[in-house]
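Per-entry structural report
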Amino acid sequence: MRLRSGVFASSCLLVEALGVALFLRGFFPLPVRSLPRSEARRDPPAEPAPPGSGMVSNWTKIPPPLFKKVVIVLIDALRDDFVFGSKGKQFMPYTTQVIEKGTSHSFIAEAKPPTVTMPRIKALTTGSIPGFIDVIVNLNSPALLDDNLIWQAKTAGKRIIFYGDDTWVKLFPKHFVEYDGTTSFFVSDFTEVDDNVTRHLDRVLKREDWDILILHYLGLDHIGHMTGPNSPLVGPKLHEMDNILKKIHISLLSKEGESSLPNLLVVCGDHGMSETGSHGGSSEGEVHTPLLFISSAFEKRSGPLTQPKLVQQTDLATTLAVGLGLPISRNSVGNLILPVVGDKTMREQLRFLHLNGFQLSRLLQENTPAYEKDPGYEHFKIAEKSHGNWIKLYLDGNNSEILLNLGKKVLKQYLEALKTLSSSLSKQVAQYDMYSMLVGTVIVLEVLFLLLLITPKALSSRAEFEVPLSPPLFSLLFYLMCLMLCAVHVIVCTSAESLCYFCSMSWLTAVGVMVLISALMCGILSAIGKILESSRVPVKNPVVSNSSWSEVDVLILAGTIGHVLSLGASSFIEEEHQTWYFLINTLCLALCQELCRNYFLLKEGDPQHSITLKQSFDNVKEAYECKNIDIPAAGDSKLGKVTSSAEFIKGSDKWISLASPWIILICCRLLRSLNQTGVQWAHRPDFGHWLTSSEHKSELSFLAAVSLVMIFILVQRKCSLVSKIAMALGLLGVYSYRAAIGNIIFPWQRDSKDISKGITEARFVYVFVLGIVFTGTKDLLKSQVISADSSVKSIGLWEVYSGLVLLAALLFRPHNLPVLVFCLLIQTMMTKYIWRPLKFDAAQITIMHYWFGQAFFYFQGNSNGIATVDVSAGFVGLDSYVEIPAIFLTAFATYAGPLLWAIHLLCYLSSEVSRNSAAMGHGCFCYALVRSIPVAVYIILVTSLRYHLFIWSVFSPKLLYEGMHVFITAVICLFFTAMDQNQSRKVQD
């Protein structure tokens, strides 16, 4: 069976995507769990037995509740400095007064990554650390089946009312006696999403038929996503929250009687926000949120205000369980926040701490075989024994100072034990599904080895080779491997103590995967056999190759290997953008050297000089006959006078060509100043921050207008008249959309007008995007089905590319539009003045496109942290949350750089008249290979580093990015394959 290189590469990438998906499912399993929720409500432990016979404590029940009503106000993306910093004093005066002089306890709660809403809600209600994969299922939250505070409260007969983010309704169905959920993903809504919560307040606060009220406000988070933490919209939103807290606090105080229990108001955030307004990572602004307990039960604060103490976000579930008289959630790793119960008697405090320690020690026993040797467990047993001695003194009626001092000692021992136990359990955040990881790794490695072994044939002049399917698939080795793998699967799945995802698959699916692994292994062995066989057979009339490695070839190989090796260090992953910036800068210098050699060092009589000059003449001919369209002209016309062409080459084009690498270097330097990314220097101000500040809206508007005009100039030259008009109107619509939502202003606009969602303007642009893409698709179908005219296909490809550029212009924030301009400018310069004069082969040009695509991924402001994903792009033009379009738009906006460079590669290879049809297959194969190498190596690295300190904060987000990039590359290669015509094979690439 003969296969084209592109078809083979696309098939390999699809199989690799399967392996990556299986590895991801094994690497991100469910966290450690205790018993099922149905078994969670058991009798609580009694107080530690006093030493000696005949003495038994009479306290065997759960302590009664400390508060009558509890109101939890969760303000999404509330950073700690929004309350404790200058913004809090300016915009939240009432809350600040309560913190400084009122009856309250204030803390800074530290959230664990990923800092997105759904995992944080799980942490707040269960006290456990959710699995990192929850960042993906955050878009579609399933019901929470683990033991949690909400379920415990409902089981105890508490009446719970909820208003706000509908994630709660999905996590806790049928738990609320009354609720009103609002979607959390429509991030361009700043007001209605909060008004829908506040409108219920007056009515609910007057009623007595509830015990717990939960309010989740989303407006601040949406403002952060759209405009950042320094937006002028943040202050008014904080003031609005302050007024709401004041209303709730005053209402709770008015309802307290002398004989009734006090009420409690809890103010917290699920996560913070980064300096760009997003979240998901582990920066200080994202993980630190305020946590306030306000109640008349606390003593009034006096004296100077101290820095709030740091606690864990998981501590809230334990503290609220004690405050409401409920059992502590079985899976909780949180500690009781002692100041909240500090006014209770010593016996009550010790009882609370014992319950917390008993729950943590039981969770440790169920997840750690050698739990008795754990330092936390040993400390707890020591504290429990001391607690028994204290109870003996207490029951004997001893009220001396000895009892008080011993109580303080036991208190300290319990706190130390709780801290150690919680730390031990937090390190066991997940049990890896090693079997699923191993199967996925084997598939990915087999695909990589197959691609490497087949590379010489895949990059041959025909880009076509024979794939011997029959011998491997019908050999004895194939069947033996299938049987052996199936036997191993049965043994592993029947003996596995923990749940394995691959074992939970149907047997038909599992056998299919085993057959696939066996087929890939037999294919690898067959390819190795062919190579060894061909090396033994003497070649008649061998052709001595005079090709040698150029500096560019050495740089490409060294850069690829160096980047792959750098993935083993957490610092290099955090600052990966620096690696790509260095590589493209070095590439530009190498290209400059090649151009100088091409124009100055080659002699007139040198055959290579003649070939280069002739190729340059062909380019001039195409430029004049095709009106600067990078497609082959119809028919063959005479070249014209050699003298005039030579003079032209030696003229302006020559010097522009020599200057091109330096111009590209200047463009890259400017782009680096636009967006600070990574971790180490992300907090530093950059040109993008300066532009997005409210004081520089005029400058941003001018830059956006100039950028849109430049985009039109760079794109329209290869489009049809209809597409040119559509592009112009679409870019005008982009500016109108950004002006409608308040990012920029029109020249005649002096007063700031009301901000809208810009839905009409965005949909206006979508019409032109679809129109341009449809026009290009029509030409592509015409070239594939009706006629084989390569010029029609090239025009169609460029119009599809133009439509994607217009879509990127709509989704990019205004300050990022120069990224799109420089992307188009660099592509144009490299096409006309570097790649064509130097005549690189398709493999070299493909890798250059890949490198620049990776660099532009970071030029956009992206990083290997989840916080830099611009979620707001997924809601441009949508008046409600629609899952599939939102995911597509967010993914496109995030990977716009690599996507646009990949589609430009397709346009370039299809437009070159001097290249044969093999170039498209070469490009597709090289693109698949250069993407497969880092993925395979990184999978091995994260497996070996799975217990590294930074596995969840650094390596795991990068793994998600790599997995997503594989799926996108597979789609790109499928598009390459569809465009690859199997016709002309006359000219070697």
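Thresholds applied
- Residues numbered from 1 in each chain as written.
- Predicted model: local features only at pLDDT ≥ 70, side-chain atom pairs only at ≥ 80, totals over all residues.
- Heavy atoms only, no water.
- Helix = DSSP H or I, 4+ residues; strand = E, 2+ residues; numbered from the N terminus.
- Buried < 20%, exposed > 50% of the residue type's maximum accessible area, 1.4 Å probe, protein only.
- Contact = heavy atoms within 4.5 Å.
- Areas by Shrake-Rupley, 256 points an atom, 1.4 Å probe, with all protein chains shown as cover.
- Disulfide = S-S within 2.5 Å.
- Salt bridge = Lys/Arg side-chain N within 4 Å of Asp/Glu carboxyl O.
- Pairing = 2+ DSSP bridges.
- Axes fitted to C-alpha atoms, helices over the stretch in contact; angles between N-to-C directions.
- Parallel < 35°, antiparallel > 145°, perpendicular 65-115°, else oblique.
- Left-handed = near helix turned anticlockwise from the far one by under 90°.

**Side note on the overall build of the chain**
Along the chain, the regular secondary structure elements total 38 helices and 10 strands. The proportion of buried residues among the 989 residues of the chain is 57%. By sequence separation, contacts in the chain at least 24 residues apart represent 79% of the contacts at least 6 residues apart. Accessible surface computed for the chain: about 41900 Å², of which carbon and sulfur atoms make up 62%.

**Quick notes on the state of the cysteines**
Inspection of every chain in the model, using the stated rule, returns 1 disulfide. Between the sulfur atoms of Cys493 and its disulfide partner Cys503 the distance amounts to 2.1 Å. The sign of the S-S torsion, about -85°, decides the handedness of the disulfide formed by Cys493 and Cys503: left-handed. A residue pair is termed long-range when its members are at least 10 positions apart, and Cys493 in helix α20 (residues 476-495) and Cys503 in helix α21 (residues 501-504) qualify at 10 residues.

**Here we look at the pattern of salt bridges**
Summed over the entire model, instances satisfying the criterion amount to 22 salt bridges. Asp180 is the salt-bridge partner of Arg199, the closest N and O atoms lying 2.8 Å from each other. Here Asp180 lies in strand β5 (residues 178-182) and Arg199 lies in the loop between α9 (192-198) and α10 (201-206), a separation of 19 residues in the sequence. For Arg199, a relative accessible area of 54% gives the class exposed. For Lys237, the salt bridge is made with Glu240, and the minimal N-O distance between the two is 3.0 Å. Taken together, the residues span about one helical turn, with Lys237 and Glu240 both in helix α12 (residues 234-255) at a distance of 3 residues. The exposure class of Lys237 is buried, given its relative accessible area of 5%.

**Regarding unusual backbone geometry**
One non-glycine residue with positive phi stands out, namely Lys174, at about 65°. The residue Lys839 is not glycine, and still its phi comes out positive at about 50°. Looking at the element boundaries, Lys839 is found in the loop between α33 (817-838) and α34 (842-859).

**As for the sheet that holds strand β6 (residues 212-217)**
Strand order in this open sheet of 8 strands is β5-β4-β6-β2-β7-β8-β3-β9, and the pairing throughout is mixed. For this open sheet the edge positions go to β5 and β9 (309-312), each flanked by a neighbour on one side alone. In this sheet, neighbouring strand axes are inclined to one another by 20° on average, regardless of whether the strands run parallel or antiparallel. When strand β3 (residues 104-110) meets strand β8 (residues 288-294), the two strands line up antiparallel, connected through 7 bridges. When the bridges of β8 are listed, Ala109 appears paired with Thr289.

**Examining the packing of helix α15 (residues 346-367) against helix α17 (residues 401-427)**
Two numbers describe a pair of packed helices, the interaxial angle and the distance between the axes. Where α15 contacts α17, the axes come no closer than 10 Å and their chain directions differ by 25°. Looking at the two axes, α15 sits roughly parallel to α17. In this structure, α15 meets α17 at a crossing whose hand is left-handed. For the pair α15 and α17, the contacting residues are Met346, Gln349, Leu350, Leu353, His354, Asn356, Gly357, Leu360, Ser361, Leu363 and Leu364 in the first and Leu404, Gly407, Lys408, Val410, Leu411, Tyr414, Leu415, Leu418, Leu421, Ser422, Ser424 and Leu425 in the second.

The values are spatial; any link to function lies outside them.
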